[in-house]
Amino acid sequence: MKTALTIAGSDSCGGAGIQADIKTMMANGVYAMSAITALTAQNTTGVTSILNADSKFLGEELDAVFTDIYPDAVKIGMVSESDLIRIIASKLRQYNAKNIVVDPVMVATEAEVLTGRTISNAEEMIDAAKMISETYNCAVLCKGGHTINDANDLLYANNTYRWFYGKRIQNPNTHGTGCTLSSAIASNLAKGYKIDEAIRNAKDYISGALADGMDLGHGSGPMNHGFDLKSRFAES
């Protein structure tokens, strides 16, 4: 069985963070492991408190995983301190980690933060993705926003770009969508799919989770990560 590791924070209400990552990885057919960067007190209405792991402990978490069950892919989510970022980078180099997917959990406009530019149309998305790709020597998936091009996402890799077209699903319960998409991409990379196939499969998965229409909590609720789970053990 293929394996995937999530390096991220815990979400006490289960809709985002490592909880969403593990559910997504299981639903996409890989064995999920985790290294926790922080504990959060949060629910569908917001985050009330954060307790970060220290870098020594996080390093020990990563040692424990990589020296026993080597992950076929790694997803990185919320990392809120520079010392934690440094230990993650060090351990990923030490163990020659592969298929690394980074979800830059900052604000709603990560690409604008990383480039220092305003992004308001498709051409600016391409320019921003190209800049990030060339700066960090990596493939970049730039997600479309409400004011740009609905649910169309842009992949820039190896000096070329490709659009992934989608239809925005009218569902206010979108807690954890970024965590879910990045974990689904990592899961598909772990299974051996090429990056464009991994993204297409991940977009199909998150569309299904949103379209399920689960409604929990008093704020922006979680998706149903197990919408496609067919088992007598999952029956009500």
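Shown above is the structure to which this text applies.
My aim in this report is to walk through the structure given alongside it, one point at a time. (Residues numbered from 1 in each chain as written. Predicted model: local features only at pLDDT ≥ 70, side-chain atom pairs only at ≥ 80, totals over all residues. Heavy atoms only, no water.)

**Side note on the pattern of salt bridges**
Here's step 1: Overall, the coordinates contain 10 salt bridges when judged by the stated rule.
Here's step 2: Lys75 is the partner of Asp21 in a salt bridge, and the nearest nitrogen-oxygen pair spans 2.9 Å. One end of the pair, Asp21, is in helix 1 (residues 17-27); the other, Lys75, is in strand 4 (residues 73-76), with 54 residues separating them in the sequence. The residues Asp21 and Lys75 share a single accessibility class, namely buried.
Here's step 3: Here Glu134 makes a salt bridge to Lys130, at a shortest N to O gap of 2.8 Å. (Salt bridge = Lys/Arg side-chain N within 4 Å of Asp/Glu carboxyl O. Helix = DSSP H or I, 4+ residues; strand = E, 2+ residues; numbered from the N terminus. Buried < 20%, exposed > 50% of the residue type's maximum accessible area, 1.4 Å probe, protein only.)

**Side note on helix 1**
Here's step 1: Those residues of helix 1 not exposed but buried are Gly17, Ile18, Ala20, Asp21, Thr24 and Met25. Relative to the axis of helix 1, the buried residues are bounded by an arc of 160° and lie together on one face.
Here's step 2: Buried residues in helix 1 make contact with strand 1 (3-11), strand 2 (31-43), strand 4, helix 6 (177-190) and helix 7 (195-211).
Here's step 3: Gly29 sits one or two positions beyond helix 1 and adopts a positive phi of about 80°. (Arc of directions from axis to C-beta. Contact = heavy atoms within 4.5 Å.)

**Some details on a nonpolar patch on the surface**
Here's step 1: Nonpolar side chains collect at one region of the surface, where Met1, Tyr31 and Ile69 lie side by side and expose about 340 Å² of accessible area between them.
Here's step 2: Summarising the element assignment, Ile69 is placed in the loop between helix 2 (55-66) and strand 4. (Patch = residues over 30% accessible without salt bridge, like charges linked within 9 Å, V, L, I, M, F, W, Y side chains within 5 Å. Areas by Shrake-Rupley, 256 points an atom, 1.4 Å probe, with all protein chains shown as cover.)

**What about the sheet that holds strand 7 (residues 153-157)?**
Here's step 1: With antiparallel pairing, the 3 strands of this open sheet are ordered in space as 6-7-8. In this open sheet, the two edge strands, each paired with only one partner strand, are strand 6 (140-142) and strand 8 (160-164). Each adjacent strand pair in this sheet contributes to an overall mean axis angle of 20°, direction not counted.
Here's step 2: The pairing of strand 6 with strand 7 spans 3 bridges and is classified as antiparallel. Opposite Val140, over in strand 7, you have Tyr156 as the bridge partner. (Pairing = 2+ DSSP bridges. Axes fitted to C-alpha atoms, helices over the stretch in contact; angles between N-to-C directions.)

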